[in-house]
Amino acid sequence: MKVFVIFGSPRRSGNTKRLLNGFVSGLDRSAEIETVSVFDLAPAACDDCGYCKGTDACRKKDLEDFFKKFGEADVIVFATPVYNLGLPAPVKALFDRFQRFYNARHERNVLYSFRKERKGILLVTGGYDSRVGYDIIRKQCSYACNLLNIKPFADIFIPGTDEHPVGSLDLCKAQYLARELSKEYAKNDN
């Protein structure tokens, strides 16, 4: 099982990373895991140039390697904090670059640019004790997953981390989710 993690926090040891580490620790040992920090990736913003309306490519070449690995994965994990009721700016820029797949579907009638259906996991932390930002992120991910041939498997939202950082119960939930995903993958792989 190839797991591709899209890590959307600038904090390498914050709450989102703790939650992600809990998830990863529950995966089957045979899982191949690759994590991409979107803050390090620093995707260029989509400027709606129209290039991808006529071709299965983007004029900007900074994400070619990212999309190759993204397409080879069996599981896509989005791990992000809530920033101002939405995704952090670099993660939003990455999501905007999914425009090429939107155009593939709606301009060139390509149902899925990625032929292989993958499973999707959403891990979200929020400093404030509110679901509003999480709901917005969840809708954005759901729409993107539909374009990218990703079947949502499950998600976890941990609110109120400004007051109560990700704790052992939260980590147990993440590990349990990973174990269930590993079982599902093993069942479907046989």
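Above this text you will find the structure in question.
To keep things clear, this report deals only with the structure shown in the data block. Note that the structure is predicted; figures quoted are calculated from it, not measured.

The phi dihedral of Asn109 is positive, around 60°, even though this residue is not glycine. Within the secondary structure layout, Asn109 lies in the loop between α6 (99-108) and β4 (118-125). The class of Asn109 is exposed, set by a relative accessible area of 70%. Positive phi values are uncommon outside glycine, yet Asn149 reaches one of about 60°. The residue Asn149 is located in the loop between α7 (132-147) and β5 (150-158) in this model. Judged by relative accessible area, which is 7%, Asn149 ranks as buried.

Here we take up the nonpolar core. Among the nonpolar cores identified, the biggest contains 29 residues, and Ile6, Phe66, Phe70, Phe78 and Leu148 are the most heavily contacted of them. For this core, the elements supplying multiple residues, two or more each, are β1 (2-7), α4 (64-72), β3 (75-81), α5 (89-96), β4, α7 and β5. Ranked by residues supplied to this core, first place goes to α7 with six residues. Not counting the four nearest positions on each side in its chain, Phe66 is found in contact with Phe4, Ile6, Val36, Leu41 and Leu94. In terms of nonpolar packing, the next biggest core, distinct from the first, is built from 22 residues, Phe7, Leu19, Ala31 and Val75 among them.

Right, let's talk about a nonpolar patch on the surface for a bit. Taken together, the side chains of Leu85, Val132 and Ile136 present a nonpolar region at the surface, about 240 Å² in accessible area. As for its position among the elements, Leu85 is in the loop between β3 and α5. Residue Leu85 is classed as partly exposed on the basis of its relative accessible area, which comes to 47%.

Spatial strand order, β2-β1-β3-β4-β5: five strands in an open sheet with parallel pairing. Pairing within the sheet leaves two strands with one partner each, and these edge strands are β2 (32-37) and β5. Put simply, the sheet's adjacent strands are angled 15° from each other on average, direction ignored. With six bridges connecting them, β1 and β2 associate as parallel partners. The residue bridging Ile6 from the neighbouring strand is Val36, located in β2. Each of β1, β2, β3, β4 and β5 touches α4; the most contacted strand, β1, lies at about 135° to it.

The rules we used
In this convention, every chain numbers its residues from 1, walking through the sequence in written order. Predicted model: local features are reported for residues with pLDDT of at least 70 only, side-chain atom pairs are reported and counted for 80 or more only, and whole-chain, interface and lining totals are derived from all residues. Hydrogens and waters are ignored; side-chain quantities use all the structure's heavy atoms. Only runs of H or I of at least four residues qualify as helices and only runs of E of at least two qualify as strands under DSSP, and these elements are numbered from the N terminus. The classification of residues rests on relative accessible area computed with a 1.4 Å probe and restricted to protein chains. Under 20% of the type maximum is buried, over 50% is exposed, and intermediate values are partly exposed. As used here, the term nonpolar core means buried Ala, Val, Leu, Ile, Met, Phe, Trp, Tyr and Cys residues forming a set that is joined through side-chain atoms within 4.5 Å. Contacts between residues were defined by any pair of non-hydrogen atoms, one from each residue, lying within 4.5 Å. Residues with no salt bridge and a relative accessible area higher than 30% make up the patches, which join like charges within 9 Å and nonpolar side chains (Val, Leu, Ile, Met, Phe, Trp, Tyr) within 5 Å. For the accessible areas, the method is Shrake-Rupley and the probe is 1.4 Å, while residue cover comes only from the protein chains on display. The salt bridge definition used is simple: a Lys or Arg side-chain nitrogen within 4 Å of an Asp or Glu carboxyl oxygen. Strands qualify as paired when DSSP identifies two bridges or more between them. In this analysis, axes come from line fits to C-alpha atoms, helices being fitted only over the stretch in contact, and the angle between any two N-to-C directions falls in the range 0 to 180 degrees.

Treat this as a map of the structure, not an account of what it does.
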